[in-house]
Amino acid sequence: MTKKRVVIALGGNAILQPGQKGTFESQLENIKITAKQLVSLVERGYQLLITHGNGPQVGQVYLQQKAAEKEGIPSMPLHACGAFTQGLLGYMIQQCLFNEMKKAGLKNNVATVVTQVLVSKDDPAFKNPTKPIGPFYSEDHAKKAMEEFGEVWKEDSGRGWRRVVPSPEPQTIIEIDAIKELLSKGTIVIASGGGGIPVFLDENGELKGIDAVIDKDLAAEKMAEEIDADIFVILTDVPYVAINYKKPDQKNLMNIKLEEMKKFYDEGHFKEGSMGPKVKAVLKFVENKKRTAVITSLDNALQAAEGIFGTVVSP
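All of these numbers come straight from a predicted model, not from anything done at the bench.

**Student:** Describe the overall build of the chain, with residues and values.
**Tutor:** The secondary structure content of the chain amounts to nine helices and 17 strands. Whereas a compact globule of 315 residues would reach a radius of gyration of roughly 20 Å, the chain reaches 19 Å, a difference of no more than 12%. Oriented by its inertia axes, the alpha-carbon framework of the chain measures out at about 60 × 45 × 45 Å. When burial is assessed residue by residue, the chain has 51% of its 315 residues classed as buried. In the chain, once contacts between residues fewer than 6 apart in sequence are set aside, the share between residues at least 24 apart is 73%.

Here you go:
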């Protein structure tokens, strides 16, 4: 029997909880809990491709680079910082998965693929940065950074100021053939972390990195299409997508058809900085592949893969 292929897009809470400083140890503890959830899918016979966010981490790495610059150490560009976080978080996830699978008596290989994702350097996103990275700061800090480094900062929902960077649309996954090869051998693959490293083709047809952060859910959707996934699951910090969120008439969406979900999206129920890209990614997958996609919380990963819990969007 062919194993069902599932793409799991891990939200930020799978790695870093709100209020945590983001030490290596605290992130590793969170990933250990995440790994237990993922191993339950492997035990049930699912073939996994895992992707994850990197918003806080890429922001921290970039700040470390800027701090090191003051000591005369050359700093790395933002796209290289994205590669750093892919390697670091991939290492943590694959180590925790290895340990959890060993406890469960499973012997699947786990591999992280440092993934480049093609974007267009003419994407309108480069003229309108929207993707927040790194921690929250005061207005004074933000203004100083804007003056000193020419960065773009925006106030974020009353929580403070964050740097925002371009978030271009993912076009294709450069390492897709290598990823398919690993999956065909039964390897659990961690790929396209943080949306992948944004690259473009120059006038000579050569790949070059470009400073941006691709939305990880849209990149995960692209990956799910290209590997021909049977189901696409986005794990976040709420069990259901809701309309009229946090209002007296809030309504959780459970089993819902594509057209109805599209209607809610077009009506503006889902904010751009939070649930909007997740819903957009799910709509694209269901429309293009005519298969089911689910948005739910991390502790419901297995039920989500089986299409019995969460906001289940079907064709």
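**Student:** Help me get a handle on helix 1 (residues 24-43), residues and values and all.
**Tutor:** Each α-helix winds once per 3.6 residues, and so residues spaced three or four apart point in a common direction. Its 20 residues place the ends of helix 1 28 Å apart at the C-alpha level, agreeing with the 28 Å of an ideal helix rising 1.5 Å per residue. Of the residues making up helix 1, those classed as buried are Ser26, Gln27, Leu28, Asn30, Ile31, Thr34, Ala35, Leu38, Val39, Ser40, Leu41 and Val42. Here the buried face of helix 1 lies against strand 1 (5-10), strand 2 (47-52), helix 2 (55-69), helix 3 (78-104), strand 9 (188-191) and helix 9 (301-305). At the C-terminal side of helix 1, Gly45 shows a positive phi close to 100°.

**Student:** With reference to specific residues and values, describe helix 7 (residues 258-266).
**Tutor:** Where helix 7 is concerned, the buried positions are Leu258, Met261 and Phe264. For helix 7, the buried positions fall inside an angular range of 125° around the axis, keeping them on one side. Turned more than 90 degrees away from the buried face of helix 7, the exposed residues are Glu259 and Asp266. The inward-facing, buried residues of helix 7 abut strand 13 (241-243), strand 14 (251-253), strand 15 (255-257), helix 8 (275-289) and strand 17 (311-314). Positive backbone phi, approximately 85°, marks Gly268, located one or two places after helix 7.

**Student:** Break down the packing of aromatic side chains for me, with residues and values.
**Tutor:** Applying the stated rule across the entire model yields four aromatic pairs. When the ring of Tyr137 is compared with that of Trp153, the centres are 5.8 Å apart and the planes differ by 65°; the resulting orientation is edge-to-face. Placement of the pair is Tyr137 in strand 5 (residues 131-137) and Trp153 in strand 6 (residues 152-155), with a sequence separation of 16 residues. With a relative accessible area of 7%, Trp153 lands in the buried category. The ring of Phe136 carries Arg162 above its face, with NZ or CZ at 4.9 Å from the centroid.

**Student:** Which residues make up the environment of Glu151, and what values go with them?
**Tutor:** Mapped onto the elements, Glu151 comes out in the loop between helix 4 (139-149) and strand 6. Ignoring sequence-local partners within four residues, the contact set of Glu151 consists of Tyr62, Lys66, Ala145, Met146 and Arg163. Among the polar contacts listed, one links the side chain of Glu151 to the side chain of Trp153, at a separation of 3.0 Å.

**Student:** Run through empty space enclosed by the protein, naming residues and quoting values.
**Tutor:** Unfilled space is identified by rolling a water-sized probe across the atoms. For the coordinates displayed, the defined rule picks out one cavity of 30 Å³ or more. Each pocket or cavity is described by its volume, and for the largest cavity that value is around 60 Å³. Taken together, 13 residues make up the lining of the largest cavity; nearest its centre are Asn54, Gly82, Gly196, Ala212 and Val213. Element by element, the count of residues in the lining of the largest cavity is highest for helix 3, at four residues. A class-by-class count of the residues in the lining of the largest cavity yields six nonpolar, seven polar and no charged.

What counts as what
Within any chain, residue numbers begin from 1 and follow the written order of that chain's sequence. The predicted origin of the model limits local features to residues at a pLDDT of at least 70 and limits the giving and counting of side-chain atom pairs to 80 or more, whereas totals for whole chains, interfaces and linings rest on all residues. Side-chain figures throughout are based on the complete set of non-hydrogen atoms in the structure, without hydrogens or water. Helix and strand labels come from DSSP, where a helix needs a run of H or I of at least four residues and a strand needs a run of E of at least two; each type is numbered from the N terminus. The globule rule used for comparison is 2.2 Å times the number of residues to the exponent 0.38, while the radius of gyration itself is calculated over C-alpha atoms. Burial classes: relative accessible area under 20% of the type maximum marks a residue as buried, over 50% as exposed, and values in between as partly exposed (1.4 Å probe, protein chains only). We call two residues contacting when some pair of their heavy atoms lies within 4.5 Å. One fewer than the residue count of a helix, multiplied by 1.5 Å, yields its expected span. It is the directions from the helix axis to the C-beta atoms that the arc portrays. Any two rings among Phe, Tyr and Trp, with Trp reduced to its six-membered ring, count as a pair given centres within 6.5 Å; such a pair is stacked if its planes are under 30 degrees apart, edge-to-face if over 60, and tilted if neither. Look at NZ for Lys and CZ for Arg. If either is within 6 Å of the ring centre and within 35 degrees of the ring normal, a charge sits over the ring. Each polar contact in these results corresponds to two N or O atoms within 3.5 Å; when the atoms are within protein, one needs to be able to donate a hydrogen and the other to accept it, and residues that are neighboring in sequence are counted only if both atoms are side-chain atoms. The pocket and cavity definitions rest on a 1 Å grid over protein atoms only: a 1.4 Å probe that fits but cannot leave marks a cavity, an open set with protein on both sides within 12 Å along at least five of seven lines marks a pocket, and residues lining either have an atom within 4 Å of a point. Grid points are joined across faces, edges and corners, and a volume is the space filled by probe spheres set on the points. When residue character is reported, Ala, Val, Leu, Ile, Met, Phe, Trp, Tyr, Cys and Pro are called nonpolar, Asp, Glu, Lys and Arg charged, and the others, Gly included, polar.

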